[in-house]
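Here's the letter readout for the chains.
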Amino acid sequence: MENKKKRKTNQPLHVHYLWRLLAVLVMVLVVMALAYNPPKPLQLHPSLISTQPHYHNFSSSSSKALGPSINTKANITADIQSGPYHNWKLFVADFQEMMSNFKIYIYPHVYNSNITMDPFAGIFVPHTNPLNPKLGNYLSEHMFKIALLHSSLITTTPQHAHFFFLPFSINNLRNDPRVRSEASIAEFVAQYTGSISKEFAFWNASGGADHFYVYCHSVGREAASRNAELHNNAVQVTCSSSYFQKFYVSHKDVALPQVWPRSDRVPLNPPHARHRLVYFAGRIQNSRVRQELIALWGNDTSMDIFSKSPFPYEEGFKRSKYCFHVRGYEVNTARVSDAIQYGCIPVILSNYYDLPFGDVLDWSKFSVVINHGEIAFLKEKLLSISRKMYLIMYHNLCQVRRHFVWHKTPRGYDSFHMIAYQLWQRRNIHRLSY
């Protein structure tokens, strides 16, 4: 009886020790987990924790010092870390793979400058002075070709190529008195494509699906109109990236940023130095939307909206928080690129516009896109953007500037490499063997 009583009294004590041992083990595991995965400190970008005064507060007409609370700083940090991209890490990994593997073959006409042998040689060779201000809308067309010729993506072995570049220049065709008109340009391009298909095996292997050409003016829109395979299969890299136009296919074609010849980049005006809400200046003759914009807001004292700017064009971008992109005769203008270069948040009033690099850049994080039908609510929408959100958009805009710059020899993530990346994403097409 005594032994039985001892067993009854010892049993609870044994269980008690087991529970204590289990608790100690749990505590050890928790400490080890924290040691290997310590919480990361919150880091803010210096521009967002600055205490400089006079940042405009869009909720009122007064200016207040920038001094967000700890919670506000945390929210800003979360937004900044995501940046202006859909997925930066995924993009960088794929971009690096492109730089290692992507190859483009250029048809040899681009190297033939002997006019005596080929009277149309000038249509294909690189422009001798692409930075000439008179080029205007055509700069991106010429700079792409020059950058490609200086890039590491060229292959002289066509069997290794993912894409084939048709090097004719719409700008040069436009300035050639033997061609010039849109109908003649379309006929010239159709004949050139036909000769390519007869002389080389590569076009016929894919029906032109792994071929592309580049142009940056609306006159080039008709270039593919007389060759069904060129229109339906080949990729057009174009500034006229409006997907309600009959010759632009948004899932196939690529939006080319329209950049005008500009002087070297200058330091940006910081947000607190931008005292005007909005800037726009542009001809209104061919645009109902621009006419409506000026009729509604041309006399508003907080907005600089003109058909002809009374001060230098660049000055409007430098001193304003927001700059309008409003379609004229065509949806494409250089104002988006200009706004980005001068640090002015683009406000895009252009329906059906396929924005450049839209599969990489999240335009909602550094621009404002407004439907034509909302022009009457423009000021209300802009004033509803908080100071914190404006600073985030400005920070993101500064990050994307490098994507809207051309270099004769491509650098990093500049315009050429971003366009090449759009083509890289379209490389998986079906073709016959050569």
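Residues numbered from 1 in each chain as written. Predicted model: local features only at pLDDT ≥ 70, side-chain atom pairs only at ≥ 80, totals over all residues. Heavy atoms only, no water.

S.K.: What's the story with the overall build of the protein chain in this structure? I'm lost.
M.R.: From N to C terminus, the protein chain includes 15 helices and twelve strands. Each of the 434 residues in the protein chain was classed as buried or not, and the buried ones make up 49%. Long-range pairs, those at least 24 residues apart, make up 71% of the contacts in the protein chain with a sequence separation of at least 6. Carbon and sulfur atoms form 55% of the exposed surface of the protein chain, whose accessible area is close to 21900 Å². (Helix = DSSP H or I, 4+ residues; strand = E, 2+ residues; numbered from the N terminus. Buried < 20%, exposed > 50% of the residue type's maximum accessible area, 1.4 Å probe, protein only. Contact = heavy atoms within 4.5 Å. Areas by Shrake-Rupley, 256 points an atom, 1.4 Å probe, with all protein chains shown as cover.)

S.K.: Looking at this structure, how should I read the sheet that holds strand 8 (residues 276-281)?
M.R.: As a general point, the strands of a sheet are linked pairwise by backbone hydrogen bonds and lie either parallel or antiparallel. Read from one edge to the other, the open sheet built from five strands follows the order 9-8-10-11-12, with strand pairing classed as parallel. Both edges of this open sheet fall to strand 9 (303-306) and strand 12 (368-369), since each of them pairs with a single strand only. Pairing of strand 10 (residues 320-326) with strand 11 (residues 345-349) involves five bridges; the strand directions are parallel. Considered in strand 11, the bridge of valine 326 is made with leucine 349. In the packing of helix 10 (residues 288-297) onto the sheet, the strands contacted are strand 8, strand 9 and strand 10, and the crossing angle to strand 9 comes to about 135°. (Pairing = 2+ DSSP bridges. Axes fitted to C-alpha atoms, helices over the stretch in contact; angles between N-to-C directions.)

S.K.: What exactly am I supposed to notice about the state of the cysteines here?
M.R.: Here is the idea: a disulfide is a covalent bond, and it sits between the sulfur atoms of two cysteines. Evaluation of the coordinates by the stated rule reveals two disulfides. Across the disulfide from cysteine 216 sits cysteine 239; the S-S distance is 1.7 Å. Residues cysteine 216 and cysteine 239 are joined through a disulfide that is left-handed, its torsion about the S-S bond being -80°. Of this pair, cysteine 216 sits in the loop between strand 5 (211-215) and helix 9 (228-232) while cysteine 239 is found in the loop between strand 6 (235-238) and strand 7 (254-255), placing the two residues 23 residues apart along the sequence. Between the sulfur of cysteine 323 and that of cysteine 344 lies a disulfide, 2.1 Å long from S to S. Here the S-S torsion is close to 100°, and the disulfide linking cysteine 323 with cysteine 344 is therefore right-handed. Of this pair, cysteine 323 sits in strand 10 while cysteine 344 sits in the loop between helix 12 (335-342) and strand 11, and the two are 21 residues apart along the sequence. Cysteine 344 shares its class with cysteine 323; the two are buried. (Disulfide = S-S within 2.5 Å.)

S.K.: Sorry if this is basic, but what is going on with helix 15 (residues 415-425) here?
M.R.: Within an α-helix, residues lying three or four positions from one another point in the same direction, as the helix has 3.6 residues per turn. With ten of eleven residues buried, helix 15 lies mostly within the body of the structure. Of the positions making up helix 15, those classed as buried are Ser415, Phe416, His417, Met418, Ile419, Ala420, Tyr421, Gln422, Leu423 and Trp424. Where helix 15 is buried, its residues contact helix 4 (88-101), helix 5 (139-149), strand 4 (163-165), strand 5, strand 6 and strand 7.

S.K.: How do you make sense of the environment of lysine 381 when you look at a structure like this?
M.R.: By secondary structure assignment, the location of lysine 381 is in helix 13 (residues 378-383). Separated by 13 residues in the primary sequence, lysine 381 and valine 368 place their C-alpha atoms 9.3 Å from one another. Residues in contact with lysine 381, not counting those within four places in the same chain, are Ile370 and Glu374.

S.K.: Honestly, helix 12 in this entry has me stumped. Any pointers?
M.R.: Counting buried positions over the eight residues of helix 12 gives eight, a clear majority of the element. Listed in full, the buried residues belonging to helix 12 are Arg335, Val336, Ser337, Asp338, Ala339, Ile340, Gln341 and Tyr342. Check the buried side of helix 12 and you find it contacts strand 8, helix 10, helix 11 (313-319), strand 10, strand 11 and helix 14 (387-400). Immediately beyond the C-terminal end of helix 12, within one or two residues, lies glycine 343, with a positive phi of roughly 80°.

Keep in mind these numbers describe shape, not what the thing actually does.
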